[in-house]
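Coordinate inspection notes
Listed below are the residues making up each chain.
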Amino acid sequence: MKIGLLARIEAKPEYADKVEALLGEALELARQEDRTLAWFAFRLDANTFGVFDTFADEEGRTAHLEGRIAAALMEAAPTMLSAAPDIRPVDLLAVKLP
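Calculation notes
Residues numbered from 1 in each chain as written. Predicted model: local features only at pLDDT ≥ 70, side-chain atom pairs only at ≥ 80, totals over all residues. Heavy atoms only, no water. Pairing = 2+ DSSP bridges. Helix = DSSP H or I, 4+ residues; strand = E, 2+ residues; numbered from the N terminus. Axes fitted to C-alpha atoms, helices over the stretch in contact; angles between N-to-C directions. 1 Å grid on protein atoms, 1.4 Å probe; cavity = no way out; pocket = protein on both sides within 12 Å on 5 of 7 lines; lining within 4 Å. Points joined across faces, edges and corners; volume = space filled by probe spheres on them. Nonpolar A, V, L, I, M, F, W, Y, C, P; charged D, E, K, R; others polar.

**Observations concerning the pairing of strand 1 (residues 3–10)**
- Pairing of strand 1 with strand 3 (residues 48–55), which is carried by eight bridges, proceeds in the antiparallel orientation. Paired with Ile3 across the bridge in strand 3 is Phe55.

**Some details on the sheet that holds strand 3**
- In spatial order, the strands read 2-3-1-4; together these four strands make up an open sheet with antiparallel pairing. Only two strands of the sheet have a single partner each, and these edge strands are strand 2 (36–43) and strand 4 (86–91). Taken over all neighbouring pairs, the strand axes of this sheet differ in orientation by 15 degrees on average, direction set aside.
- With six bridges joining them, strand 1 and strand 4 adopt antiparallel strand pairing. Directly across from Ile3, in strand 4, lies its bridge partner Asp91.

**So, empty space enclosed by the protein**
- Per the stated rule, a full pass over the model turns up one cavity of 30 Å³ or more.
- For the largest cavity, the calculated volume is near 130 Å³.
- Taken together, 14 residues make up the lining of the largest cavity; nearest its centre are Ala7, Asp53, His64, Leu73 and Ile87.
- Of all the secondary-structure elements, those providing two or more residues to the lining of the largest cavity are strand 1, strand 3, helix 2 (58–65) and helix 3 (68–80).
- Looking at the lining of the largest cavity residue by residue, the class counts come to twelve nonpolar, one polar and one charged.

Here you go:
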């Protein structure tokens, strides 16, 4: 694991439960992505969510950004999100996993 993505997702208040469900369902899609090494969805507050995922290389990160999870998120954005997701590439400095 050398690189990742950190996404901040701001739901419209009336769609927060649907965004939570969407992210929960995305776990199965993440499991199907061979190049996605680790994938986490989380909630920061009532309307703010996030996703953090890791990859071995740029090809894996690009494949993820062009994959089904990103497509579902972009499809939901106009209706359920108050703004476009803020997706930032990150370089991993240190990692501890079980």
